[in-house]
Amino acid sequence: MKKIRDRRSFFCNLTLLSLSITNSSYARNYKLEITQFSSLMTATFDKLYAILRRDLLTTIRHRSGFVLSLVGTFTELAAFYFLSRAIGSGFRPDGVAFFPFLLVGTGVYTFFVMSVQAFVSAVQEAQQTGTLEVLMTSSTGPVELLILSSISAFAGTLGNLLIYLSAGVAVFRAAIHPNFFSCVAVMICSLVVALALGIAGATLQIAFQKGSALLWLLGSGIWFLSGTMFPVHSLPRPLELLARAMPFTYAIDGMRQALLDGRPISAMAPTLAILAAFGLVLLPLAILCLSFTLRRARQNGTLSFY
Amino acid sequence: MNRITFESVHKIFRHRPALRNWLGRERSGETIALKDVSFSAAATEVLALLGPNGSGKTTAIKLISTILLPDAGSVKIGGFDARRNAHDVRRQVGIAVAAERSFFPRLSARENLDFFATLDDVPRSERAQRIAETLRDSGLDEHADTLVMKFSSGLYQRLGIARALVKRPSILLLDEPTRSLDAGTTAHFWTTIRALARQGTTVLLATHNFAEASAVADRALLLHRGQLLADRPIAKGENADTLRAFYFHSTGEVDEKDS
């Protein structure tokens, strides 16, 4: 019982608990562990609620920022709409109209960029105000804190993506044929990849005070390789191979298949499998790097450097 | 049993100049923040960490709160090693640092305390009452529902102390806690510290204020250039001037007041 309580990460706790339930030597303590599991989950949800509430209140009370981001979304959509009209209806990349193609591509890509940005700016602000050091002295472990914060950040970016797609469909009449389950499957896999990238951005910010480098990379070089605005098979062969080595390509392609073509999960298995594999490799790697970086920052006294 | 144990603790900060300063004046080097420092503190004790700027007071506090890790030696808090059992250490420690802007500006004082109390595992059933009590004790009840971005330095500092107290830690770390407080609030704060110590809390107070040290502390640890120069008891009712004279005598610095 003590052994479980002492673990830093709540994921470790959950894993140990599930292992202990299956182990016969722990069978006598089964009831005790269920109680402990229940209190652990209550505490975790309590913390998640606190983080969601903090972020929601901050967003609501920052009214001008909220309104400006909505205006920005509509301006961007209008620009893509008129661009696709100017190009004409004859251009149908991957067999779909250009505007819905752009809508999904830019929407999913912006989701990734905004997720990383949310992580980096949260760490940067916490460093500047000194909140990071205080949070690191709380009873909640750093990795648990970051993962809980990420859920809140994703709720925001996911909300933005939904507003973006809905506005594209409702205001600019983009034609879609969604398969709900396929969309959810692509979104879950994309969330894992975005979480890994967000943690990588936070790690870069703590290690070198340069989380913005990843944002710059996402914002400048990668977008045109990932099929955001045109199919990757239009690229020269070496660049296409590079595009195929990036998770964004599969996230965008997968969402187009699910939302515009209405493909069922079974037909999307290869795309989903590749996207899931990216997530399964990148997420543990990012958590490992973050743990190492936090330890190094505590050793060198650079936790609050920015 | 000792709540805080420092055993031969060394802490060195190594500097590397920023890329753009390679051709400038900034050079790599190191600062010895703590050198072979050993001391301990028991429950109910209030320790004053005295020393000039850069003597290692804040480093000692950051080592106890696990914000920093020692390069050599060991820091044990309530029997737990700060390096290996950081989580167990953090559960016992409450910290109020000098530079207090470490709050969420668009949340009120009450909302900020509620957020940090949740992360510090304060049970939900007790949280609201504890926050209300802490706000009252810190003189913040009138400002409880004001967004902290509208706070003055003094109010920020009160809120920093409130955040450290709401957790009800067994070890309280205070880094220049009364720097921006008015005389009345400072006197009330000193009474609170003494009351907490009587209830079993170990308090470590980094300060430049001799009156503060003589009013609340049981012992003074004198740090100078990372070394522990003295560890002496402070008698009840000891005059701040006596402590001041001891400080200048031990550090070898010139007291402008005497010249």
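Residues numbered from 1 in each chain as written. Chains lettered and ligands numbered in written order. Predicted model: local features only at pLDDT ≥ 70, side-chain atom pairs only at ≥ 80, totals over all residues.

A word on the overall build of chain B. In terms of helices and strands, chain B carries eight helices and 10 strands. In terms of C-alpha radius of gyration, chain B reaches 19 Å, essentially the compact-globule figure of 18 Å for 259 residues. Considering only contacts within chain B whose residues lie at least 6 apart along the sequence, 69% involve residues at least 24 apart. (Helix = DSSP H or I, 4+ residues; strand = E, 2+ residues; numbered from the N terminus. Rg over C-alpha atoms; globule rule 2.2 N^0.38 Å. Contact = placed C-beta atoms within 7 Å.)

Let us look at the domain arrangement of chain A. Where the parts come together, the accessible area they lose is often given as the size of the interface. Residue and element names in this part refer to chain A. Domain annotation of chain A identifies domain 1 (1-61) and domain 2 (63-300). In this complex, domain 1 contributes nine residues to the contact, which on the side of domain 2 involves 11 residues. In terms of residue count, helix α3 (residues 30-61) provides more of the side of domain 1 that touches domain 2 than any other element does, six residues in total. Along the lines of polarity and charge, the residues of the side of domain 1 that touches domain 2 split into four nonpolar, two polar and three charged. (Domains from an automatic or database assignment. Nonpolar A, V, L, I, M, F, W, Y, C, P; charged D, E, K, R; others polar.)

Counting residues at the interface gives 26 residues for chain A, matched by 27 residues for chain B. Mapped by element, the contributors of at least two residues to the side of chain A that touches chain B are α3, α6 (131-136) and α12 (269-300) of chain A. Sort the elements by how many residues they give to the side of chain A that touches chain B and α3(A) lands first, with eight residues. When grouped by side-chain class, the residues that make up the side of chain A that touches chain B number six nonpolar, 12 polar and eight charged.

Time to look at the confidence of the model for chain A. Residue-level pLDDT values for chain A average 84, and 89% of them are 70 or greater. Long-range and interchain partners of residues 1-22 of chain A, a stretch whose pLDDT sits below 50, account for 27 contacts in this model, where long-range means more than four residues apart. (pLDDT = per-residue confidence, 0-100.)

This brings us to the sheet that holds strand β1 (residues 2-15) of chain B. Residues and elements named next belong to chain B. Taken in spatial order, the four strands line up as β2-β1-β4-β5 in an open sheet, and their pairing is antiparallel. One side of each edge strand has no neighbouring strand; the edge strands of this open sheet are β2 (29-42) and β5 (80-81). In this sheet, strand β4 (residues 72-77) lies alongside β1 in antiparallel orientation, the contact comprising five bridges. Note that in β4 the partner of F6 across the bridge is V75. (Pairing = 2+ DSSP bridges.)

Attention now goes to unusual backbone geometry. Phi angles above zero are rare outside glycine, and D94(A) is one such case at about 55°. Mapped onto the elements of the fold, D94(A) is located in the loop between α4 (63-87) and α5 (98-129). Positive phi, normally seen in glycine, also occurs at D121(B), with a value near 60°. Here D121(B) is to be found in the loop between α3 (109-119) and α4 (124-137).

Across the eight residues that make up helix α1 (residues 57-64) of chain B, a large majority, eight, are buried. Buried residues of α1(B): K57(B), T58(B), T59(B), A60(B), I61(B), K62(B), L63(B) and I64(B), and no others. (Buried ≥ 20, exposed ≤ 12 C-beta atoms within 10 Å, placed from the backbone.)

Glancing now at α3(B). Residue and element names in this part refer to chain B. Of all the 11 residues making up α3, 11 are buried; the element is thus mostly covered by neighbouring parts of the structure. For α3, every residue scored as buried is listed here: A109, R110, E111, N112, L113, D114, F115, F116, A117, T118 and L119. Of the residues one or two after α3, D121 is the one with positive phi, at around 60°.

Another aspect to go through is the sheet that holds strand β3 (residues 46-50) of chain B. Residue and element names in this part refer to chain B. Taken in spatial order, the six strands make up an open sheet running β6-β7-β8-β3-β9-β10, and their pairing is mixed. Edge positions in the sheet fall to β6 (93-96) and β10 (227-233), since each has one partner strand and no second. Across the sheet, the mean angle from the axis of one strand to that of its neighbour is 15°, orientation sign disregarded. In this structure, β3 lies alongside strand β8 (residues 202-206), joined through four bridges in parallel fashion. Along β8, the bridge assignment pairs V46 with V203. Packing against the sheet, α1 makes contact with β3, β6, β7 (171-175), β8 and β9 (219-224), and its axis sits at approximately 145° to β8. Here helix α8 (residues 240-251) sits on the sheet in contact with β3, β9 and β10, set at roughly 30° to β9. (Axes fitted to C-alpha atoms, helices over the stretch in contact; angles between N-to-C directions.)

Here we take up the pairing of β1(B). Note that β1(B) and β2(B) share 10 bridges and pair antiparallel. Bridge pairing links R14(B) to E30(B) in β2(B).

For T302(A), the location among the structural elements is in the segment after α12. Considered as a pair, T302(A) and I206(A) are 96 residues apart in the sequence and their alpha carbons are 7.8 Å apart.

Any two packed helices are characterised by the angle at which their axes cross and by the distance between the axes. Residue and element names in this part refer to chain B. Where α4 meets helix α5 (residues 153-166), the axes come as close as 9 Å, and the angle between the chain directions of the two elements is 140°. Here α4 lies oblique to α5, going by the angle between them. The hand of the α4/α5 crossing is right-handed. Residue-level inspection shows R130, I131, T134 and L135 of α4 in contact with α5, the latter providing A162, L165 and V166. Partitioning the contact of α4 with α5 into residue classes produces five nonpolar, one polar and one charged. (Parallel < 35°, antiparallel > 145°, perpendicular 65-115°, else oblique. Left-handed = near helix turned anticlockwise from the far one by under 90°.)

Residues and elements named next belong to chain B. As for its position among the elements, G139 is in the loop between α4 and α5. Judged by the 19 C-beta atoms lying within 10 Å of it, G139 falls in the partly exposed class. On a C-alpha basis, the gap between G139 and H188 in space is 9.3 Å, while along the polypeptide they are 49 residues apart.

Counting 141 residues, the largest nonpolar core has L49(B), I64(B), L204(B) and L205(B) as the members making the most contacts within it. Per-element accounting of this core gives the leading share, 18 residues, to α5(A). Apart from residues no more than four positions distant in its own chain, I64(B) is found in contact with I4(B), V75(B), I77(B), A82(B), V93(B), L173(B) and L204(B). (Core = buried A, V, L, I, M, F, W, Y, C linked by C-beta atoms within 7 Å.)

So, on to the pairing of β3(B). Residues and elements named next belong to chain B. The element β3 is largely enclosed, with a buried count of five among its five residues. Alternating residues of β3 divide into V46, A48 and L50 and L47 and L49, and every residue in both groups is buried. Note: β3 against β9, four bridges, orientation parallel. Each residue of the ladder has a partner; that of L50, found in β9, is L222.

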